[in-house]
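Chains, contacts and geometry: an overview
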Amino acid sequence: MSSFRIILTLAVMATLAGCGFRPLYGGSENAAINNQLGAIQIAAIGNRVGQKIHNLLLDRLNPRGRPQSPLYTLSLTAQISKAEIGLKFTEVATRAKLSLSANYFLTDNQSGAILTEGTVRSVNSYNIPDSEFARVAAENDATDRAAREISDEVRTRLSLLFSKQGQ
């Protein structure tokens, strides 16, 4: 049984090596991608949700602090919407859906050219309890989850961009 596992492992490794698979955050390219991510200045985002996304992006892109001479500027706009989706017989909502979408643009500071742009979206749901305090807490938690998902997705897309440029 163990020889079967060894043969299977070798076959999988050979297949992955043949197709050009490379881990995004592993190997020698990891430092180059992180250096480019660290050279991104994140523009201020207007509303409270935008501030949360901004702070999360600072943690994900610039863990060593803001760049002294940024090469790129990341601009985002965030829109949030809420919809009540679960109803009791008395037509009182018991569940809500929170949608957060962000449009982003990465600009080269030297040329002013837009290197990439896109839209990222996150949908979360939460219960609407009878207590107003609990409702606000649940809504804030859903907003925080959505902001984390947005910032993670933006970081992943920017990492892929820089990974493709390094090829």
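For the structure, see preceding data.
First, a word on what this report is: a plain description of the structure on this page. In this text, all values refer to a predicted model and were calculated from it rather than measured experimentally. (Residues numbered from 1 in each chain as written. Predicted model: local features only at pLDDT ≥ 70, side-chain atom pairs only at ≥ 80, totals over all residues. Heavy atoms only, no water.)

**As for the pattern of salt bridges**
Enumeration according to the criterion identifies 7 salt bridges in this entry. Asp144 is the partner of Lys52 in a salt bridge, and the nearest nitrogen-oxygen pair spans 2.6 Å. In this pair, Lys52 is assigned in helix α3 (residues 48–61) and Asp144 in helix α4 (residues 132–165), connecting sequence segments 92 residues apart. What makes Lys52 buried here is its relative accessible area of 18%. Residue classification places Asp144 among the partly exposed residues on the basis of a relative accessible area of 27%. The salt bridge involving Asp152 is made with Arg60; its shortest N-O contact spans 2.4 Å. Residue Asp152 is found in helix α4, and its partner Arg60 is found in helix α3; the two are separated by 92 residues along the sequence. A relative accessible area of 37% means that Asp152 is categorised as partly exposed. For Arg60, a relative accessible area of 21% puts it in the partly exposed group. One continuous salt-bridge network, built from bridges that share partners, spans Lys82, Glu132, Arg135 and Glu139. (Salt bridge = Lys/Arg side-chain N within 4 Å of Asp/Glu carboxyl O. Helix = DSSP H or I, 4+ residues; strand = E, 2+ residues; numbered from the N terminus. Buried < 20%, exposed > 50% of the residue type's maximum accessible area, 1.4 Å probe, protein only.)

**Here's the deal with the layout of surface pockets**
The space that makes up the largest pocket amounts to roughly 160 Å³. Within the residue set of the lining of the largest pocket, elements represented by two or more residues are α2 (29–38) and α3. For the lining of the largest pocket, the residue count by class is 5 nonpolar, 6 polar and 4 charged. (1 Å grid on protein atoms, 1.4 Å probe; cavity = no way out; pocket = protein on both sides within 12 Å on 5 of 7 lines; lining within 4 Å. Points joined across faces, edges and corners; volume = space filled by probe spheres on them. Nonpolar A, V, L, I, M, F, W, Y, C, P; charged D, E, K, R; others polar.)

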